Amino acid sequence: MLPSADVIRADFDRIAAVSQAVADRLEPAAQRLVAQVPLRCRVLEIGCGTGTFARELANKRGAKITAIDLAPRMIDVARVRTAANLGVDYRVADFMELSPRGFDVVVAINTLHHLPLAVAAERMAQAVVPGGLVLIADLFDASGVTELPYNGLSWLMQKPRAHDRELVAAWDDHWQHDQHLPLRDIRATLRTTLPGVAVRRHLGWRYTASWRRPR
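Everything numeric here is computed off the predicted structure, so don't read it as measured data. Sequence positions are assigned chain by chain, starting from 1 and proceeding in written order. Note on the predicted model: pLDDT of at least 70 is required for a residue's local features to be given, and 80 or more for side-chain atom pairs to be given and counted; whole-chain, interface and lining totals, by contrast, use all residues. Only hydrogens and water are set aside; all other atoms, that is, all heavy atoms of the structure, feed into the side-chain values.

Trainee: Which residues make up the overall build of the protein, and what values go with them?
Mentor: Within the protein, the secondary structure is distributed over eight helices and seven strands. Against the globule reference of 17 Å for 215 residues, the protein gives a C-alpha radius of gyration of 17 Å, in line with a compact fold. When the backbone C-alpha atoms are referred to their principal axes, the protein occupies close to 45 × 40 × 30 Å. For the protein, with 215 residues in total, the buried portion stands at 49%. Contact definition: two residues touch when any of their heavy atoms are within 4.5 Å. The contacts of the protein with a sequence gap of at least 6 include a subset with a gap of at least 24, amounting to 70%. For the protein, the exposed surface amounts to about 11,200 Å²; the carbon and sulfur share of it is 53%. We treat Lys and Arg as the positive residues and Asp and Glu as the negative residues; His and chain ends play no part in the count. In plain terms, the charge of a residue is placed at NZ if it is Lys, CZ if Arg, CG if Asp and CD if Glu. Distance from the positive charge centre (28 side chains) to the negative charge centre (23 side chains) of the protein: 9 Å. In this description a helix means any DSSP run of H or I spanning at least four residues, a strand means any run of E spanning at least two, and both kinds are numbered starting from the N terminus. Only C-alpha atoms enter the radius of gyration; for comparison, a globular chain is expected to reach 2.2 Å times N to the power 0.38, where N is the number of residues. In this scheme, a residue with accessible area under 20% of its type's maximum is buried, one over 50% is exposed, and one in between is partly exposed, where area comes from a 1.4 Å probe on protein chains only. Surface accessibility in these figures is a Shrake-Rupley result with a 1.4 Å probe; residues are shielded only by whichever protein chains are displayed.

Now the structure itself:
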């Protein structure tokens, strides 16, 4: 069973509270999505956290971004870290309670594993204009003997964890609530919900997905 919105909100408010001194770092799976975003377009980011991806899009793509997150303290940190001239509109909101429309791109980074995948993907599809893009980067489960080589390589490429004990403890407690699907299940769900979606596997237990709404 997926954790409730209240559990996720509490987890990430706690993480935000001990993340003030942690430098921004955009993970490789998310970096792969940046170049796919058209210049100066309208973007909705779901689960923006401290705003790392939103700032990257504003700086490199000139995007007009609405960035939402369940956790108020995450939004507080994002606003502090984001220069006013970037024009990012941060909002505390639950995507599953909204019906957004009219965006050129809707993106979710490490967010959909907290949500019912098919329902969330359908909502993302409805939020983009014809010809618009749905972009996803998230985690998957790679357990099993056949995945040993992949898991070994993924462990080798991991960056050292933060040394702050409170931050490590906050993430460890959150990971107890996380549930990750096998990639075959993710592919099957997304291909049903977003016909023609491209799903790619990357090291580090990450996948990316991109889909363009038919014109």
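Further notes follow.
Trainee: Tell me about the pairing of strand β5 (residues 128-139), residues and numbers included.
Mentor: Of all 12 residues making up β5, 10 are buried, and the element is well covered by its neighbours. The pairing of strand β4 (residues 103-109) with β5 spans six bridges and is classified as parallel. Each residue of the ladder has a partner; that of F103, found in β5, is V128. Classification remark: right-handed applies to a crossover when, strands pointing away from the viewer, the course from the first strand over the helix to the second runs clockwise. Note on the crossover from β4 through helix α5 (residues 117-127) to β5: the handedness is right-handed. At least two bridges found by DSSP between two strands are what make those strands a pair. Inspection of the sheet shows β5 paired to strand β7 (residues 206-212) by seven bridges, in the antiparallel sense. Counterpart to D138 in the pairing with β7 is Y207.

Trainee: Which residues make up the nonpolar core, and what values do they have?
Mentor: Residues V106, L112, M124, I136, L190, L194 and Y207 are the most contacted members of the largest nonpolar core, which totals 32 residues. Elements with a minimum of two residues in this core: β1 (42-46), β4, α5, β5, α8 (183-193) and β7. Here this core gets six residues from one element, more than from any other, and that element is α5. V43, A54, A58 and I65 belong to the second-largest nonpolar core, a separate cluster that totals 27 residues. Put simply, buried Ala, Val, Leu, Ile, Met, Phe, Trp, Tyr and Cys residues joined by side-chain atoms within 4.5 Å make one nonpolar core.

Trainee: Describe the side chain of D178, with residues and values.
Mentor: Mapped onto the elements of the fold, D178 is located in the loop between α7 (165-175) and α8. No salt bridge is formed by the buried D178; the nearest opposite charge belongs to R206, separated by 8.8 Å. Of the polar contacts made by the side chain of D178, one reaches the side chain of H114; its length is 3.2 Å. The term polar contact refers here to a pair of N or O atoms within 3.5 Å; inside protein, the definition further demands a hydrogen-donor-capable atom paired with an acceptor-capable atom, and it admits residues adjacent in sequence only when both atoms are side-chain atoms. A polar contact of 3.1 Å, which involves the side chain of D178, links it to the side chain of H174. Dropping the residues within four chain positions of it, D178 is found in contact with H113 and H114. We define a salt bridge as a side-chain nitrogen of Lys or Arg found within 4 Å of a carboxyl oxygen belonging to Asp or Glu.

None of this, on its own, says anything about what the molecule does.
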